[in-house]
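# Working through the structure, step by step
Residue-level listing of the chains:
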Amino acid sequence: MAVYNPSEIEKKWQAYWESNETYKVDIDHSKPKFYVLDMFPYPSGAGLHVGHPLGYIASDIYSRYKKLKGFNVLHPMGFDSFGLPAEQYAIQTGQHPAITTEKNIETYIGQMKNIGFGYDWSREIRTSSPEYYKWTQWIFMQLFNSWYNKDTDKAEDIETLEALFAKGGSAAANAVCDDELPEFTAAEWNALSEEDKYKTTLDYRLTYLSESMVNFCPELGMVLSNDEVKDGVSERGGYPVIQKKMRQWMMRITAYCDRLIDGLENVDWSHSLKEQQKNWIGRSQGASVKFPVAESALLKERGFEGKVEVFTTRIDTIYGVSFMVLAPEHEWVDTLTTPEQKDAIEAYKLETQKRSELDRMSDVKTVSGAFTGSYCVNPVNGEQVPIWIADYVLAGYGTGAVMAVPSGDQRDWNFAKHFNLPIPAISDAQQNLEEAADASKEGKYINSGMIDGMEYQEAVDTLINWIEANKVGKGKINYRLRDAVFARQRYWGEPVPVHFKENGLPYLVDESDLPIVLPEIDEYKPTETGEPPLGRAKDWAYRPHPLTPSPDGEGEYPFELSTMPGWAGSSWYWYRYMDAKNEDAFASKEALDYWQDVDLYVGGTEHATGHLLYSRFWNKFLKDKGFVKQEEFAKKLINQGMIQGRSSFVYRVKNSEIPTFVSFGLRKEYDTQRLHVDVNIVDNDILDVEAFKTTRNDVPANAEFILENGQYKCGNEVEKMSKSKFNVVNPDVLVDRYGADTLRLYEMFLGPLTEAKPWDTKGIEGTSRFLKKLWRLFFDQNGESLLVDEKATPAELKALHKAIKKVGSDIETFSFNTSVSTFMICVNELTDLKCHKKEILELLLVIISPYAPHIAEELWAKIGNEEGSITSQEYPDFNEEYLKESDIEYPIQIGGKVRVKLSFPAETGKDEIEKVVLANADVIKWMDGKPLRKIIVVPKKIVNIVV
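Thresholds, definitions, all that
- Residues numbered from 1 in each chain as written.
- Predicted model: local features only at pLDDT ≥ 70, side-chain atom pairs only at ≥ 80, totals over all residues.
- Heavy atoms only, no water.
- Helix = DSSP H or I, 4+ residues; strand = E, 2+ residues; numbered from the N terminus.
- Contact = heavy atoms within 4.5 Å.
- Areas by Shrake-Rupley, 256 points an atom, 1.4 Å probe, with all protein chains shown as cover.
- Lys, Arg positive; Asp, Glu negative; His and termini not counted.
- Charge placed at Lys NZ, Arg CZ, Asp CG, Glu CD.
- Phe/Tyr/Trp six-rings, centres within 6.5 Å; stacked < 30°, edge-to-face > 60°.
- Buried < 20%, exposed > 50% of the residue type's maximum accessible area, 1.4 Å probe, protein only.
- Lys NZ or Arg CZ within 6 Å of the ring centre and 35° of its normal.
- Pairing = 2+ DSSP bridges.
- Axes fitted to C-alpha atoms, helices over the stretch in contact; angles between N-to-C directions.
- Parallel < 35°, antiparallel > 145°, perpendicular 65-115°, else oblique.
- Left-handed = near helix turned anticlockwise from the far one by under 90°.
- Nonpolar A, V, L, I, M, F, W, Y, C, P; charged D, E, K, R; others polar.
- Salt bridge = Lys/Arg side-chain N within 4 Å of Asp/Glu carboxyl O.
- Disulfide = S-S within 2.5 Å.

## Quick look at the overall build of the protein
Check the secondary structure of the protein and you find 29 helices and 35 strands. A principal-axis box enclosing the C-alpha atoms of the protein has dimensions of 110 × 80 × 75 Å. Across the protein, the fraction of contacts at a sequence separation of at least 24, relative to all contacts at a separation of at least 6, is 72%. Of the accessible surface of the protein, which amounts to about 42900 Å², a share of 48% is contributed by carbon and sulfur atoms. Put simply, the protein has 108 plus and 145 minus side-chain charges, and the middle of one group is 6 Å from the middle of the other.

## Observations concerning the packing of aromatic side chains
According to the stated counting rule, one finds 65 aromatic pairs in the structure shown. A centroid spacing of 4.9 Å and a plane angle of 75 degrees characterise the contact between Tyr-148 and Tyr-256, whose relative ring orientation is edge-to-face. On the criterion of sequence distance, the pair formed by Tyr-148 in strand S3 (residues 146-149) and Tyr-256 in the loop between strand S9 (242-251) and helix H9 (257-262) is long-range, its members being 108 residues apart. The class of Tyr-148 is buried, set by a relative accessible area of 1%. The class of Tyr-256 is buried, set by a relative accessible area of 0%. Relative to Phe-816, the ring of Phe-814 lies with its centre 6.1 Å away and its plane at 75 degrees, an arrangement referred to as edge-to-face. Both residues of the pair, Phe-814 and Phe-816, count as buried. In this structure, Arg-252 is placed above the aromatic ring of Tyr-208, and the distance from its NZ or CZ to the ring centre is 4.1 Å.

## With respect to the sheet that holds strand S32 (residues 887-894)
Strand order in this open sheet of four strands is S33-S32-S35-S34, and the pairing throughout is mixed. Strands at the two margins of the open sheet, each flanked by one partner only, are strand S33 (897-905) and strand S34 (934-938). Taking each pair of neighbouring strands and ignoring which way they run, the sheet shows an average axis angle of 20 degrees. Contacts between helix H28 (residues 910-919) and the sheet are confined to S32, S33, S34 and strand S35 (942-946), with S34 contributing the most and set at about 125 degrees to the helix.

## With respect to the pairing of strand S22 (residues 600-603)
Here S22 shows a buried face lined by Leu-600 and Val-602 and a second buried face lined by Tyr-601 and Gly-603. Bridge count between strand S1 (residues 33-38) and S22: three bridges; the pairing is parallel. When the sheet's bridge partners are listed, Asp-38 is paired in S22 with Val-602. Pairing analysis gives three bridges linking S22 to strand S23 (residues 637-639), with the strands arranged parallel.

## Description of the sheet that holds strand S11 (residues 307-312)
Taken in spatial order, the three strands of this open sheet run S11-S10-S16, and their pairing is antiparallel. Every other strand in the sheet has two partners, leaving S11 and strand S16 (473-478) as the edge strands with one partner each. Across the sheet, the mean angle from the axis of one strand to that of its neighbour is 30 degrees, orientation sign disregarded. With six bridges joining them, strand S10 (residues 284-292) and S11 adopt antiparallel strand pairing. Along S11, the bridge assignment pairs Ser-288 with Phe-311.

## What to know about the packing of helix H24 (residues 794-812) against helix H26 (residues 838-848)
The interhelical angle for the contact between H24 and H26, taken along N-to-C directions, is 15 degrees, at an axis separation of 10 Å. Here H24 is positioned roughly parallel relative to H26, judged by the angle of their axes. The crossing of H24 and H26 is left-handed. Packed against H24, whose contacting residues are Glu-796, Leu-797, Leu-800, Ala-803, Ile-804 and Val-807, the element H26 presents Glu-839, Ile-840, Leu-843, Leu-844 and Ile-847 at the interface. Of the residues in the contact of H24 with H26, the class split is nine nonpolar, no polar and two charged.

## So, the pattern of salt bridges
Overall, the coordinates contain 51 salt bridges when judged by the stated rule. Measuring nitrogen to oxygen at the nearest pair gives 2.7 Å for the salt bridge that ties Glu-102 to Arg-126. With Glu-102 in helix H4 (residues 97-115) and Arg-126 in the loop between H4 and helix H5 (130-144), this pair connects stretches of sequence that are 24 residues apart. Residue Lys-354 is joined to Glu-351 by a salt bridge in which the shortest nitrogen-to-oxygen separation is 3.3 Å. Its relative accessible area of 48% is what places Lys-354 among the partly exposed residues. Glu-351 sits in the partly exposed class, given a relative accessible area of 45%. Three or more residues joined by partner-sharing salt bridges are found here, namely Arg-259, Arg-616, Lys-620, Lys-623, Asp-624, Glu-631 and Glu-632.

## Section: the state of the cysteines
Among covalent bonds in proteins, the disulfide is the one between the sulfur atoms of two cysteines. Considering all chains together, one arrives at zero disulfides under this definition. Among the cysteines around Cys-257, which has no disulfide bond, Cys-177 carries the closest sulfur, lying 15 Å off. Look at Cys-257 and you get buried, because its relative accessible area is 0%. Free of any disulfide, Cys-835 has its nearest neighbouring cysteine sulfur in Cys-826, separated by 8.7 Å. Residue Cys-835 is classed as buried on the basis of its relative accessible area of 0%.

## Focus on unusual backbone geometry
With omega at 0 degrees, the peptide bond leading from Leu-514 into Pro-515 counts as cis. Position of Pro-515 among the secondary structure elements: in the loop between strand S19 (506-508) and strand S20 (541-542). You will see that Asn-684, though not glycine, has its phi angle at about 55 degrees, which is positive. Along the chain, Asn-684 turns up in the loop between strand S27 (682-683) and strand S28 (686-687).

## With respect to the environment of Trp-138
Position of Trp-138 among the secondary structure elements: in helix H5. The buried category is assigned to Trp-138, whose relative accessible area is 9%. Here the alpha-carbon distance between Trp-138 and Arg-252, two residues 114 residues apart in the chain, equals 17 Å. When residues no more than four places from it in sequence are discounted, the contact partners of Trp-138 are Glu-511, Leu-514, Phe-586 and Phe-627.

Printed below as a string of structure tokens:
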């Protein structure tokens, strides 16, 4: 006897897959490889909700399908396990983050196995494991020991830079480095001490120390990335975040700007994602111009003779500059501020610290600023313009200074109007400058000195030639992207493999000492003196070989106290999956040569810029150094849409002595307050009142409920799925109730993979019924087998091969939702045909197995096949012959209504169809003796008789 029991069947097959290592994969040169990668999750304490598995289910289906198509498929899973939440929990409880992380990972793995994912768990990685982050530290060391050669357009070993310096001085090296570095000759270089030579190279390395503006959260005592700041507060905890200048490790990602843009042409990623990356990098052609600061007694007293450098994409507007704007954090603000303006400047700087860079960039309505009291000189006409500070200029973008042209830029126009500054016209094409800025490039220039009467391109060329000839500027390509901050003042992250000697300079540890493992500390928060948490570690210092402790501390050097940022471990992890247990390299040459790159990458759109840009940067670097062969790490990328929650609401009557809740349909008769309610105690909008009473602390036992027809009906709304909205649905609950195969099919059935869609648990019942119907093709209601070995009919072959063709096409185009519809249609057709033939049902199981692997495995074995062998079958080819129509049924429309249906062989001509139709007794009856005016035959569609 065989009864469909998903819980029993699924546990059985999950245990079978694990014990038989069904999804373990090795290098196999007899098969083409295919690498499917999921963006690995951060293991939060909440575990998975039903929105999380969407992309995992899709990639699992695709992996299983490619295996059936004859590919050797690598489909691994791991965990991005360093992160702020675990550290915050450690600060609150004193529990080591590793304990929390381990527990959360166990929950995730259990949930994933419960859904039946075909991962090769032997390759599991965790970024917080020393065996893994040893190689993250190793990559950092390679970056530190490299520079970017513009001539060869790639990263090279630092020794090649030193060789160039020795032969031709600084002029011999066309390097990506900070501007305004001191120049030196070969003789001067060769005369330097080894320490001074080393110090000089620090300004050229791909990872370096620098003073930079960061998002600093005083409450957390750490720097946050832009992604971790929302509306001026930390995403975790909601604490205020300020802008602060700090000494930080940086990554010179800007060296790769052009390659990061150009490489997008070689990957199959969505247009919108590519545009986001291009905009984030922000390549623009323009000019760098230096505005000398005007002399004054105060600045002379302070010994200041600087020039404010700006980058502009519109040098043609330089005659329209009526003021200069510096970022409040610009290094010269204090020097340029006169005593009369000091209070205003200090107050404004303080207010700016409270706003994130994102807020400052996006807020185009608020106009604010403060005058420094100093002026600079426009180099093309000698006019003095006032220097202001304003928060719409950022220290980390461009030069931190903007030449303000209010006639051509709306933000500058708003600022000029607000502070009553001049708005000089510079083109005869500009209109209505009293109402708004006009950025037109049309017309001819006016009030513009040497370019008066010229048109745009001639003016640009003339001005660039002039500033270069007069050494006040140069034509330049600029980028919005800044070098990446590569440090966090927190504990739970990769230690930076750097120590500091007596001279204060950073030095790498010896490679043989990797990994540098996180030390034990007493508390996971900054020290009382403001150092990062690692400042609490005792005896945590570097002792070069031999590693022998010294009683007096001699020969011990302090380690870097910051740890790496969250993106460090996620910027190369796909390579570690290729050879996850290798102790001698991040992956062997054999593994790298075989698996090469990711064929399909699946993940959320929230990583469109941060993770993907950093990952592409690191991958290009690894290629430059000869460690990998691919310029881009992921050929194709699919972003799954978000599954939104369907929130439920109850309506509490305001100011009622006894808490009273009124049903949805009666709510307008009362003055009510809408409250979220746990969707897990709501079924088809009907509230389980008793469960509501017992699960909510704010609902007393004597609460009253005003019902409709004896039930309490809830309201509903589609929102983001989150715990705060009580609309999180745990997949474990659904798997326990309906089975993993039902959940897998239902998530795919909800809608197109890449689009957002609301979750509605009540719809899952239909998917559950479908799997029961599939089961009944094999077994009757008593569990007795219905399978027969008879030859299939043309109708049965047609139903099957339609499904084979459609499902194969759908999977290749990631249209998983229509595949589920196709399965349902096919099973319905076979049920109507009373088809129980092994010839048909075997192939049906093969094509459905990527979607519903447990039931497919069970039925495959029950019809006489070797256990577990369905995963090694071949995806069947569809036969076009079976899809050809032998007979076509024509609806016969008489007087605008279908009255009769007649079948004809597919090859029957129009004349023959007309003849047979008009002779048919039923047709003659419906024509009711009326004369024929016209007969229209639409081949293979319909016949229309007009009387």
